[in-house]
Amino acid sequence: MTHPLAVAFGPLPMPDTNPPRPAIPLPDELMASLLSILGPRGIVTDPSDLEPHLSDWRGLYRGASPALLRPASTEELAACMRLLHAAAIPVVPQGGNTSMVGGAMPDESGRQVILSLSRMNRIRDLDPVDMTMVAEAGVVLKTAQDAAAGAGCLFPLSLGAEGTATIGGVLSTNAGGNTTVRYGNARDLMLGLEIVLPDGGVIHGLRRLRKDNTGYALRHLMVGAEGTLGIVTAAVLRLFPRPRAEAIALCAVESEDAALALFRRFRDRDETAVRAFEYMSGNGMEMVLRHIDGATLPLSERADHYVLVDLASSRPDADLRGLMEAVLEEALEAGEVLDAALAESEAQRHAIWRLREEHPEAQKKEGASVKNDVSVPVSKVPEMIRRCSAALQALIPGSRPVPFGHMGDGNIHMNLEQPEGMDAAAFLARSHDIMDCVNDIVRDLDGSFSAEHGVGRLKPDMLAEWRGGAELDAMRRIKAALDPKGLLNPGKVLPA
Ligand code: FAD
Ligand code: 2HG
Ligand code: ZN
């Protein structure tokens, strides 16, 4: 069985990897000790049960593993880690396995044990006075959102994979998503962490404090470490007042510059009201309209550029519709906005968001594509989109740039779709050229090769190139200090 998301999204470029070797069984004595800690429900070795955990949804990697461990508590996990550390067995943490960069994949050696915290899926506490939630790492993001909503609060992290991604995974990748422009990324939503270290030591850091300057902030070291420094077992998450007023519009805009000008108009008028500001290209919108059932454009004409503006406020009397109309009117007069549709109902709100959220699915249905999750300073987004689009079309004539994403954060998915009729494999064979082409421009604009998806197994070489010298050296020393045997998620993030 392939990964369930791979069925939805299909294979993407396959980097050079070796075919997996057969799994190397764990020594009998170790196996018996693990069984005595975890019980039969806590350890999976049957090949067909392991199968969905051995490949990533993009189809980039396929690994081998002797076992999947499923502890039910922090204590069980710590006891397992002590044994695995003593036996020098490598461990790969895996949450919802929605990584874009193969971060949760065991390698092909057949030696690496997979660790799932899916049984650690309790909301331990939810406090609407402190505005905090204590969630275990295996809680699915959507479940955390729903729990907050049930208590009249908001947990604002929101992304396309929220029905599958877990709290452990989103923290370990420092996920961003659609609402970062207003609420920050996963790091900004975390106050404290419980962590199991590679040798089984436990950091009990579930402090729900807004201020806590007590030495090195180890919790922040773990966020974005992609499971290479420690295992997140639970987190104190920040909650917010739930929105009581909303206004959402889809706008056709004149150019990339007009999209940025519109963002500035909203931000300057009321920065706190902008919950999301998402850019989409004409190419991407065409693919969504062509491939996604029920998708329709609520505007009179097609355009080359669109933005989704999502305003929200916790104040019930906030006149967001008035704000939306006033700003759009100014922008229409200035020639920046060509046409706009405001959602009048929950169904229309959902339909507009769907046009944005279905971009990855539509791209897959259109054919082969290469992803570039890049960021630049917000002021440089228009130039980045223009330069990358031109360079990519020159690199592969007939290819179709599909830039979309989180413009308010300077994070655009500068993706490229294959030319119509081109052989998919021949296009994907150019993946590295495509990524280099985008990265060269992004670098020139003081940007980053990985905005929100992380480094994983796909991009350690880029990390070496972009963050070499003292920065990479410091990262290596931190890794060596916390994981001297190099057993936690080997081969990810740091180049060999
Ligand atoms: P996994 O994929 O299982 O793991 C991710 C990394 O975290 C791996 O390195 C793994 O080893 C490590 N890890 C997992 N659990 C733990 C733990 N408990 N302790 C330590 N390490 C751990 N990302 C964004 O930022 N913004 C988006 O808008 C966005 N949209 C997406 C849309 C789709 C359709 C998909 C498939 C993915 C999207 N992503 C997005 C990618 C994003 O990285 C993941 O969805 C999410 O952050 C990973 O959560 P997960 O539980 O699936 O982690
Ligand atoms: C999104 O913003 C995700 O939808 C996925 O980060 C981006 O598919 C992509 O390139
Ligand atoms: Zn994104």
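Quick caveat, the model's predicted, so the values are computed rather than measured. (Residues numbered from 1 in each chain as written. Chains lettered and ligands numbered in written order. Predicted model: local features only at pLDDT ≥ 70, side-chain atom pairs only at ≥ 80, totals over all residues. Heavy atoms only, no water.)

What to know about the site of ligand 1
We apply this condition: We call a residue near a given molecule or strand whenever any one of its heavy atoms falls within 4 Å of it. N or O atoms closer than or at 3.5 Å make up a polar contact, with two conditions inside protein: a donor-capable atom paired with an acceptor-capable one, and, for residues adjacent in sequence, both atoms drawn from side chains. Computed by Shrake-Rupley with a 1.4 Å probe, the accessible areas treat only the displayed protein chains as cover when residues are assessed. Numbering of helices and strands runs from the N terminus, with a helix taken as a DSSP run of H or I at least four residues long and a strand as a DSSP run of E at least two residues long. Gly counts as polar in this scheme, as do all residues outside two lists: the nonpolar Ala, Val, Leu, Ile, Met, Phe, Trp, Tyr, Cys and Pro, and the charged Asp, Glu, Lys and Arg. By convention here, the domain bounds are inherited from an automatic or database domain assignment.
Every one of the 37 residues lining ligand 1 counts as a neighbour, but Pro93, Gly95, Gly96, Thr98 and Thr166 are closest to it. Within the backbone of serine 99, an N or O atom sits 2.8 Å from an oxygen atom of ligand 1. Glutamate 226 has a polar backbone atom sitting 3.0 Å from an oxygen atom of ligand 1. Burial of ligand 1 by the protein amounts to 96% of the accessible area it has alone, namely 980 Å². Of all the elements in the fold, those that place two or more residues in the shell around ligand 1 are helix H1 (4-9), strand S3 (91-94), helix H6 (167-172) and strand S10 (231-238). No other element matches the four residues that H6 contributes to the shell around ligand 1. Among the residues forming the shell around ligand 1, the class breakdown is 15 nonpolar, 20 polar and two charged. Per-domain counts for the shell around ligand 1 show at least three residues from each of domain 1 (28-116) and domain 2 (123-241).

A short note on the packing of helix H10 (residues 282-291) against helix H13 (residues 359-366)
Helix packing geometry: the angle between the two helix axes and the distance between the axes. Note the cut-off: Each axis is a line fitted through C-alpha atoms, taken for helices only over the stretch in contact, and angles between the N-to-C directions span 0 to 180 degrees. Here the word oblique covers every angle except those under 35 degrees (roughly parallel), over 145 (roughly antiparallel) and from 65 to 115 (roughly perpendicular). Residue contacts are defined here by distance: any two heavy atoms, one from each residue, within 4.5 Å place the two residues in contact.
Running from N to C, H10 and H13 point in directions that differ by 80°, and their axes come no closer than 8 Å. By the angle between their directions, the pair H10 and H13 is classed as roughly perpendicular. Of the residues in H13, those in contact with Gly284, Met285, Met287, Val288, Arg290 and His291 of H10 are His359, Ala362, Gln363, Lys365 and Glu366.

Some details on the site of ligand 2
Taken together, Met100, Arg356, Pro360, Lys371, Phe404, His406, His413, Asn415, Glu452 and His453 make up all the residues around ligand 2. Within the contact set of ligand 2, an oxygen atom lies 2.8 Å away from a side-chain nitrogen or oxygen of histidine 453. Of the residues contributing to the shell around ligand 2, the split by class is three nonpolar, four polar and three charged.

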